[in-house]
Amino acid sequence: MRRHSIDCAAIGLNGKMGATMGQTVKNDARLSGAERQYLQMGLRQPGGKLPLFDSQGQEISTQLIRTCVDKGLAEPWFANPLKPDWLVCRLTERGRSAL
């Protein structure tokens, strides 16, 4: 599988890539129910891939995904060349710890 770079500004992340080594992230240990449910779906996927759609086939809210990225619970993984506006993310270690 070919990986693509992510234009964070184009997807509204202002250059933020979540919590990676050496970055400080606002400490907000409490997860909303929606955040917890979304992140738990990544526990069952290879590489911690987070879904774009829920179990009923509805698109996951972009706002929810961006909130998880901003908190360092998820990080953008790769760009989807067929759907560049989709934010494909994976669970971070911080996200796993929060669950």
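How each quantity is defined
- Residues numbered from 1 in each chain as written.
- Predicted model: local features only at pLDDT ≥ 70, side-chain atom pairs only at ≥ 80, totals over all residues.
- Heavy atoms only, no water.
- Core = buried A, V, L, I, M, F, W, Y, C linked by side-chain atoms within 4.5 Å.
- Buried < 20%, exposed > 50% of the residue type's maximum accessible area, 1.4 Å probe, protein only.
- Helix = DSSP H or I, 4+ residues; strand = E, 2+ residues; numbered from the N terminus.
- Axes fitted to C-alpha atoms, helices over the stretch in contact; angles between N-to-C directions.
- Parallel < 35°, antiparallel > 145°, perpendicular 65-115°, else oblique.
- Contact = heavy atoms within 4.5 Å.
- Nonpolar A, V, L, I, M, F, W, Y, C, P; charged D, E, K, R; others polar.
- Arc of directions from axis to C-beta.
- Polar contact = N/O pair within 3.5 Å; in protein donor to acceptor, adjacent residues only side chain to side chain.

Caption draft 1: The arrangement of the nonpolar core in detail. Judged by nonpolar contacts, the single largest core of 15 residues is most densely connected at Tyr 38, Leu 39, Cys 68 and Cys 89. If you list the elements that add at least two residues to this core, you get helix H1 (33-43), helix H2 (62-70) and strand E2 (88-91). Top contributing element to this core by residue count: H2, with four residues.

Caption draft 2: Main features of the packing of H1 against H2. In contact at an axis separation of 10 Å, H1 and H2 are set at 80° when each is read in the N-to-C sense. When the axis of H1 is compared with that of H2, the two are roughly perpendicular. Two secondary-structure elements touch here, H1 through Ala 34, Glu 35, Tyr 38 and Leu 39 and H2 through Leu 64, Ile 65, Thr 67 and Cys 68. Class assignment for the residues of the contact of H1 with H2 results in six nonpolar, one polar and one charged.

Caption draft 3: Inspection of H1 at higher detail. If you check which residues of H1 are buried, you get Glu 35, Tyr 38, Leu 39, Met 41 and Gly 42. All buried residues of H1 lie within an arc of 145° about the axis, which places them on one face of the element. Facing away from the buried side of H1 by over 90 degrees, the exposed positions are Gly 33 and Gln 37. Check the buried side of H1 and you find it contacts H2 and E2.

Caption draft 4: Seen up close, H2. Those residues of H2 that fall on the buried side of the exposure criterion are Leu 64, Ile 65, Cys 68 and Val 69. Seen from one end, H2 has its buried residues packed into an arc of 135°, which puts them on one side. The inward-facing, buried residues of H2 contact H1, strand E1 (74-78) and E2. With a side-chain oxygen positioned 3.2 Å from the backbone nitrogen of Gln 63, the residue opening H2 is Ser 61. Backbone geometry just downstream of H2 places Gly 72 in the positive-phi region, at approximately 80°.

In short, geometric facts, not functional conclusions.
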